[in-house]
Amino acid sequence: MEAYSAARDLVAKGDYVFLDANENPYGTWNRYPDPMQRDPKEMLAKIKGVSPDNMVMGNGSDEILDLMYRISCNPGQDNVVSISPSYGMYYTLACLNNVEFREVLLDDGFDFNPDDILGRVDANSKMILICSPNNPTGKSFDPQKILKIAKSFPGLVVVDEAYNDFSETESLIKYLPEYDNIVVVQTFSKAWGLASIRAGVGYMSVELAAMVNKVKMPYNMDGFTQKTIVERLSDPESFKKTVELLVSERDRLMKEFSQLSYIDKIYPSDANFFMFHTSRHDELMAYMIKNGVILRSRNSMAKCQNCIRITVGTPEQNDLVIKLMKAF
């Protein structure tokens, strides 16, 4: 297919009089946004050490993931392989795109064997999805395991790194020059604190990015969002301090929770959340809701019976949680 083309795609940035898109000439947000998001991409390119041509930006990372389904899978014919338990949106997107979704159960340490994942692949497998650090466990996976999969699998290996900023595990972005089938998806919703504006980015080969950019909606990221991203990226020190605070508060919460007799296990986490197991799951969930605190039950997920996931809040919010947990 040919991509949708706007007249201003053909000119470089500059002070032009735009009379091409039937816009109202009056107002603050009256112009269509840059369809290729050049300003935020140029700033990200310097931070991530890649070219803007390696990027696709979207309305949240969910749009990037949806686009990966759309360019790689034939509805009603192909399949994708992922791990379980993991982020539920992968299954939802498979259903929306009429693609078979195959899950590989993680072991008791919530880790995987690359051979088990490759063992679920067949001729119609077009994509493997891995979330690292994983949700809901917070566990980062060994990059070498993911690279082993990428070496053996001819389709796309999509690594969702939504929580990578909280982890000491390296991002797989550095391996893009060596693996043209790896796609790294990141978001501004977590460490950057911009969940409300919906902004995600996919890093991939130049050839693949060109294909995805052709398929995406031309104005999929509004001008306000692009401006906000540029402003946020311009303050890296604030970002660093926020991440350090959240990691410190996560560790404080985990230490406090470890002293509570009704919590049987706390799972290690490289994210801004952690998961714990308690035999008093139902009572605790009801008690916290009654006292105005919403946690996330993971009880229905594979290998997560009686498990609860808690997001790290502000120090004041965390103080309240500790107080309530002790009272319970």
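Owing to the predicted nature of the structure, the values given are computational and were not obtained by experimental measurement.

Draft legend 1. Structural detail: the nonpolar core. With 75 residues, the main nonpolar core has Phe257 and Met325 as its most contacted residues. Look past the residues within four positions of methionine 325 in its chain and what remains in contact with it is Phe257, Leu260, Tyr262, Ile263, Phe276, Leu284 and Met288. Counting residues in each nonpolar core, the second largest holds 25 residues, with Tyr69, Val185, Ala209 and Val212 among its members.

Draft legend 2. Fine view of the sheet that holds strand β9 (residues 273–278). Taken in spatial order, the four strands of this open sheet run β8-β9-β11-β10, and their pairing is antiparallel. Of all the strands in the sheet, just β8 (263–266) and β10 (296–297) have a single pairing partner and so form its edges. Note: β9 against strand β11 (residues 307–311), five bridges, orientation antiparallel. Within β11, the residue paired with methionine 275 across the bridge is arginine 309. Sitting on the sheet, helix α9 (residues 281–290) is in contact with β9, β10 and β11, with an inclination near 30 degrees to β11.

Draft legend 3. Geometry of the sheet that holds strand β4 (residues 125–131). With mixed pairing, seven strands are arranged side by side in an open sheet as β1-β7-β6-β5-β4-β2-β3. Looking at which strands have only one partner, the edges of the open sheet turn out to be β1 (55–58) and β3 (100–105). For this sheet the average axis-to-axis angle between neighbouring strands, irrespective of direction, equals 20 degrees. Where β4 meets strand β5 (residues 156–160), five bridges bridge the pair, whose relative direction is parallel. Of the residues in β5, the one forming a bridge with leucine 129 is valine 158. Here helix α1 (residues 38–48) sits on the sheet and contacts β1, β6 (182–187) and β7 (200–203); the angle it forms with β1, its principal contact strand, is near 125 degrees.

What counts, and at which threshold
Residues numbered from 1 in each chain as written. Predicted model: local features only at pLDDT ≥ 70, side-chain atom pairs only at ≥ 80, totals over all residues. Heavy atoms only, no water. Core = buried A, V, L, I, M, F, W, Y, C linked by side-chain atoms within 4.5 Å. Buried < 20%, exposed > 50% of the residue type's maximum accessible area, 1.4 Å probe, protein only. Contact = heavy atoms within 4.5 Å. Pairing = 2+ DSSP bridges. Helix = DSSP H or I, 4+ residues; strand = E, 2+ residues; numbered from the N terminus. Axes fitted to C-alpha atoms, helices over the stretch in contact; angles between N-to-C directions.

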